[in-house]
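The chain contents come next:
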Amino acid sequence: MNLENYSTLFESVEDNTEWGSKWQELDVEYYDGDDSMTITGDSAWGPATGLWKKISNDFQCNVDLKYSEPGSDIAGSKYWENGELTENIEMTYMEYLYH
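What this report covers is the structure whose coordinates are included nearby. (Residues numbered from 1 in each chain as written. Predicted model: local features only at pLDDT ≥ 70, side-chain atom pairs only at ≥ 80, totals over all residues. Heavy atoms only, no water.)

1. Here's the deal with the overall build of the protein chain
When its secondary structure is counted, the protein chain shows 4 helices and 5 strands. When the helices and strands of the protein chain are listed from N to C terminus, the series reads α-α-β-β-α-β-β-β-α. For the protein chain, the proportion of its 99 residues judged to be buried stands at 32%. Within the protein chain, residue pairs in contact and separated by at least 24 positions form 36% of the contacts whose partners lie at least 6 positions apart. For the protein chain, the computed accessible surface area is about 6,700 Å², with 43% contributed by carbon and sulfur atoms. (Helix = DSSP H or I, 4+ residues; strand = E, 2+ residues; numbered from the N terminus. Buried < 20%, exposed > 50% of the residue type's maximum accessible area, 1.4 Å probe, protein only. Contact = heavy atoms within 4.5 Å. Areas by Shrake-Rupley, 256 points an atom, 1.4 Å probe, with all protein chains shown as cover.)

Below, the structure is given as structure tokens:
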């Protein structure tokens, strides 16, 4: 896994329109030699599913997304394998808290 490739993806303003959110604030946790990374953050209104699908597709990796938005009463999880959505669970925020 090459962190430079991920940095380039996040810095690309053009790709932002494909992300499914008008903005995304991210914190990336990655250590040289690891085979995984943790990305946390906030987005406008809901999860930026386009971003996670793009990462999974472009880097042929698995992405496990967990999201919640109490103000909109939505929550869920999505899982991509090499760009393909293989799991999509949606629920209310309250269901998420007690799931």
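Now that the structure has been shown, we can carry on.
2. With respect to the sheet that holds strand β5 (residues 84–91)
Within the open sheet, the 3 strands sit side by side as β3-β4-β5. Their pairing is antiparallel. Whereas interior strands pair on both sides, the edge strands pair on one side only; in this sheet they are β3 (62–69) and β5. On average, each strand axis in the sheet is inclined to that of its neighbour by 10 degrees, with strand direction left out of account. Here 8 bridges tie β3 to strand β4 (residues 74–81), and the two strands are oriented antiparallel to one another. Across the sheet, the residue bridging to Y67 is G76, located in β4. The sheet strands contacting helix α3 (residues 49–58) are β3 and β4, and the helix crosses β4 at an angle near 15 degrees. (Pairing = 2+ DSSP bridges. Axes fitted to C-alpha atoms, helices over the stretch in contact; angles between N-to-C directions.)

3. Considering the nonpolar core
Listed in full, the 10 residues of the largest apolar core are W19, A48, L51, W52, I55, C61, V63, L65, Y67 and W80. If you list the elements that add at least two residues to this core, you get α3 and β3. (Core = buried A, V, L, I, M, F, W, Y, C linked by side-chain atoms within 4.5 Å.)

4. Quick notes on the layout of surface pockets
In this structure, the largest pocket occupies an estimated 590 Å³ of space. The wall of the largest pocket is formed by 28 residues, among which I39, T40, W52, D64 and L65 lie closest to the centre. If you list the elements that add at least two residues to the lining of the largest pocket, you get β1 (24–29), β2 (38–43), α3 and β3. At 8 residues, β3 tops the list of elements feeding residues into the lining of the largest pocket. Residues of the lining of the largest pocket, tallied by class, amount to 14 nonpolar, 9 polar and 5 charged. (1 Å grid on protein atoms, 1.4 Å probe; cavity = no way out; pocket = protein on both sides within 12 Å on 5 of 7 lines; lining within 4 Å. Points joined across faces, edges and corners; volume = space filled by probe spheres on them. Nonpolar A, V, L, I, M, F, W, Y, C, P; charged D, E, K, R; others polar.)

5. Quick notes on the environment of D64
Structurally, the position occupied by D64 is in strand β3. Separated by 16 residues in sequence, D64 and W80 place their C-alpha atoms 6.7 Å apart. Discounting residues that sit within four places of it in the chain, D64 has contacts with K78 and Y79. A distance of 3.0 Å separates a polar atom in the side chain of D64 from a polar atom in the side chain of K66. (Polar contact = N/O pair within 3.5 Å; in protein donor to acceptor, adjacent residues only side chain to side chain.)

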